[in-house]
Amino acid sequence: MRYVSTRGEAPALGFEETMLTGLARDGGLYVPETIPQLSAAEITALAGQPYEDIAFRVMRPYLGDSFGDDEFAGIIAGAYQSFGHEARAPLVQLGPNHFLLELFHGPTLAFKDFAMQLIGQLFQSALERRGERVTIVGATSGDTGSAAIEAFRGLDAVDVVILFPDGRVSEVQRRQMTTPDDANVHAVALEGDFDDCQAALKAMFNDFAFRDRVRLAAVNSINWARVLAQVVYYFSSATALGAPHRPVSFTVPTGNFGDIFAGYIARQMGLPIEKLVIATNQNDILHRTIATGEHVKAGVTPSISPSMDIQVSSNFERALFDAYGREGGAVGQLMQELAEKGGFPVSQGALETLREIYASGRASEEETSEAIRAYHRRTGEVLCPHSAIGVHVAEAHLNEATPMITLATAHPAKFPDAVEAATGHRPPLPARMASLYERNERVIKAINDLPALEALIEERIAR
Ligand SMILES: *Cc1c(COP(=O)(O)O)cnc(C)c1O
């Protein structure tokens, strides 16, 4: 299995190199050269199987000879053992033909654990075999950082450094990053906002001497292995509701387009998905793109669903690559226009292709709160603001023929203020995490200065 860049100019790589590299050298994102197919019989056989078995069968064809069968099965078993629910990704019914896929039972209570826990184990295995170590540096507005720390803590081939904006993440998010006491975890509170953290990260990757000295690696959402891990729960949930004999639809709260793109991959593999519905908050560039054909940035307005406060939606480039007939040159041009002019019109042909697969909608702040309140009252289900955006948008796409599965991306206790404001009840942390508020915090405070940041990282990582 080979992976090619969406901009067509970087060398094709195998699975392991693609995972360890992250971003392609031509600035593009890696995608599989061809999409493996599962037959109707193979999909039927997934129904009702343990999550780990489904994960093995769905992901195995993408790995080529990078990992052996037993090794990979062991990695999957290790990745999901810390989840607080035996089903890993359980389904709950919200109403006639509307289901919620709970993706928040992992160690940091957001869906990012599904991918991060797996790639933590994959990195460790690959690096051990190669006798190498890397420094993973990430910037986070909250959920990615804690998921990365939880996935890489204690692994001896990796140091993990997470930059977060000082004072601008929720207390639960901060404590999840600052309380792990493993020597290879370094949580850095940077003076500035999330954009400053991302800019610092980019600058470090562009400082090639530093990048090579510390063996910098990235696990942000453009890493192909993260997308791949998320394909699995589309299969587990759809087959539980009758696929492949009955098609299903999904609604996905979206920011960087990683999670919903995984649904597209499942569809390409043969899973009968009728529609993938993009659900955005007021930062609605993706909804506007599908509705109008204009992909144009507007400023980011902070919302009560902060993990979706995004205007540059990195993984959308992968969707454009296919919509433009896999023409790397065309995609490169669009991305240049986006950087230089702040947007571009999607061609008529590409727009029609996108609309065949994707529908879209948005939820305002009021609609988000109202959805949290209404579903709590009607079903007893307590939704986080991101998941509430999903169910609000899904409502416009419900029908009797096709089950709708809305993805619940975080546990409500991660965003207690927004949930309490809507329902009057403060959602408690799951019992297995109740001690989070008592544990000691360890944090490195840093000013936004590149040489100082780099020196601080080099001082702390193991060699
Ligand atoms: C990251 C995140 C999202 C957005 O996911 P993308 O893959 O970036 O589209 C939605 N909800 C929560 C809770 C998240 O952490």
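Residues numbered from 1 in each chain as written. Predicted model: local features only at pLDDT ≥ 70, side-chain atom pairs only at ≥ 80, totals over all residues. Heavy atoms only, no water.

Trainee: Would you mind showing me how to read the site of the ligand here?
Mentor: For the ligand, the set of nearby residues contains 15 residues, the closest of which are Lys112, Asp143, Gly255, Asn256 and Thr409. The backbone of Phe257 places a nitrogen or oxygen atom 3.1 Å from an oxygen atom of the ligand. Contact between the ligand and Asp259: an oxygen atom at 2.9 Å from a main-chain N or O atom of the residue. Bound to the protein, the ligand loses 97% of the 390 Å² it would expose on its own. Along the lines of polarity and charge, the residues of the shell around the ligand split into five nonpolar, seven polar and three charged. (Near = heavy atom within 4 Å. Polar contact = N/O pair within 3.5 Å; in protein donor to acceptor, adjacent residues only side chain to side chain. Areas by Shrake-Rupley, 256 points an atom, 1.4 Å probe, with all protein chains shown as cover. Nonpolar A, V, L, I, M, F, W, Y, C, P; charged D, E, K, R; others polar.)

Trainee: Hey, could you run me through the sheet that holds strand S15 (residues 444-446) in this one?
Mentor: Strands pair in a sheet through their backbones, by hydrogen bonds, and they do so in one of two ways: parallel or antiparallel. Read across the open sheet, the five strands follow the order S8-S5-S6-S7-S15; overall the sheet is parallel. The strands lining the two open edges of the sheet, one partner per strand, are strand S8 (216-217) and S15. Across six bridges, the pairing between strand S5 (residues 134-139) and strand S6 (residues 158-165) is parallel. When the bridges of S6 are listed, Val134 appears paired with Val158. Relative to the sheet, helix H6 (residues 143-152) contacts S5, S6 and strand S7 (185-190), its axis offset from that of S6 by approximately 160°. Docked against the sheet, helix H7 (residues 171-178) engages S6 and S7, running at close to 155° with respect to S6. (Pairing = 2+ DSSP bridges. Helix = DSSP H or I, 4+ residues; strand = E, 2+ residues; numbered from the N terminus. Contact = heavy atoms within 4.5 Å. Axes fitted to C-alpha atoms, helices over the stretch in contact; angles between N-to-C directions.)

Trainee: What is the right way to read the environment of Thr239 from this model?
Mentor: With respect to the helices and strands, the residue Thr239 is situated in helix H10 (residues 224-240). Looking at Thr239, the relative accessible area reads 5%, which means it is buried. Separated by 195 residues in the primary sequence, Thr239 and Thr44 place their C-alpha atoms 6.9 Å from one another. Look past the residues within four positions of Thr239 in its chain and what remains in contact with it is Ile43, Leu46 and Ala47. (Buried < 20%, exposed > 50% of the residue type's maximum accessible area, 1.4 Å probe, protein only.)

Trainee: What is the right way to read empty space enclosed by the protein from this model?
Mentor: This structure, assessed with the given rule, holds one cavity of 30 Å³ or more. Reported here for the largest cavity is a volume of approximately 30 Å³. Lining of the largest cavity is provided by Thr254, Gly255, Thr280, Asn283, Asp284, Ile285, Leu286, Met308 and Ile310. (1 Å grid on protein atoms, 1.4 Å probe; cavity = no way out; pocket = protein on both sides within 12 Å on 5 of 7 lines; lining within 4 Å. Points joined across faces, edges and corners; volume = space filled by probe spheres on them.)

Trainee: Whenever I open this one, unusual backbone geometry confuses me. Can you help?
Mentor: Excluding glycine, most residues fall at negative phi; most peptide bonds, likewise, are trans. Backbone torsion omega between Ala243 and Pro244 reads 10°, so that peptide bond is classified as cis. On the secondary structure map, Pro244 appears in the loop between H10 and strand S9 (248-253). Phi is positive for Asn97, close to 60°, though the residue is something other than glycine. Within the secondary structure, Asn97 sits in the loop between strand S3 (91-95) and strand S4 (98-102). Positive phi is not limited to glycine here, since Arg215 has a value of about 50°. As for its placement among the helices and strands, Arg215 is situated in the loop between helix H9 (208-213) and S8. We classify Arg215 as partly exposed; its relative accessible area is 39%.

Trainee: I would appreciate a short explanation of the packing of aromatic side chains in the present structure.
Mentor: One pair of aromatic rings is described through two measures. These are the centre distance and the angle between the planes. Overall, the coordinates contain 18 aromatic pairs when judged by the stated rule. Summarising the aromatic geometry, the rings of Tyr51 and Tyr80 are spaced 5.4 Å apart at their centres and angled 85° between planes, so their arrangement reads as edge-to-face. One end of the pair, Tyr51, is in helix H3 (residues 51-59); the other, Tyr80, is in helix H4 (residues 69-80), and 29 residues separate them in sequence. We classify Tyr51 as buried; its relative accessible area is 4%. The exposure class assigned to Tyr80 is buried, which follows from its relative accessible area of 0%. One aromatic cluster is present, built from ring pairs that chain together Tyr51, Tyr80, Phe83, Phe114, Tyr233, Tyr234 and Phe250. Above the face of the Phe67 ring, Arg129 is positioned so that its terminal group lies 5.2 Å from the ring centre. (Phe/Tyr/Trp six-rings, centres within 6.5 Å; stacked < 30°, edge-to-face > 60°. Lys NZ or Arg CZ within 6 Å of the ring centre and 35° of its normal.)

Trainee: Help me out: how do you make sense of the sheet that holds strand S10 (residues 273-280) in this one?
Mentor: Spatially, six strands are ordered S3-S4-S14-S9-S10-S13 in an open sheet, and the strand pairing comes out mixed. Each edge of the sheet is formed by a strand with only one pairing partner; in this case those strands are S3 and strand S13 (358-362). Within the sheet, the average angular offset between the axes of one strand and its neighbour, ignoring direction, is 25°. In the sheet, S9 pairs with S10 via five bridges, with the strands oriented parallel. In the strand pairing of S10, Val252 is matched with Ile278. Across the sheet, H10 touches S3, S4, S9, S10 and strand S14 (404-408), and the angle it forms with S9 is around 140°.

Trainee: Sorry, what's going on with the packing of H10 against helix H11 (residues 258-269) here?
Mentor: Relative orientation and spacing of two packed helices are given, respectively, by the angle between their axes and the distance between those axes. Between H10 and H11, whose axes approach to 8 Å, the crossing angle comes to 65°. Relative to H11, H10 is oriented so that their crossing is right-handed. Between H10 and H11, the contacting residues are Trp224, Val227, Gln230, Val231, Tyr233, Tyr234 and Phe235 on the first element and Gly258, Asp259, Ile260, Phe261, Ala262, Gly263, Ile265, Ala266 and Met269 on the second. In the contact of H10 with H11, the residues fall into twelve nonpolar, three polar and one charged. (Left-handed = near helix turned anticlockwise from the far one by under 90°.)

Trainee: Any chance you could explain the side chain of Ser307 here in plain terms?
Mentor: When you line up the elements, Ser307 lands in the loop between strand S11 (294-296) and helix H13 (316-323). With relative accessibility at 17%, the residue Ser307 sits in the buried group. Apart from the residues within four sequence positions on either side, Ser307 is in contact with Asp143, His386 and Phe415.

Trainee: When you look at H13 in this model, what are you seeing that I'm missing?
Mentor: Working note: α-helix, 3.6 residues per turn, so residues spaced by three or four point in the same direction. Most of H13 is tucked away, with seven of its eight residues classed as buried. Looking only at H13, the buried set comprises Phe316, Glu317, Arg318, Ala319, Leu320, Phe321 and Ala323. Two residues or fewer past H13, Gly325 is found with a positive phi of approximately 65°.

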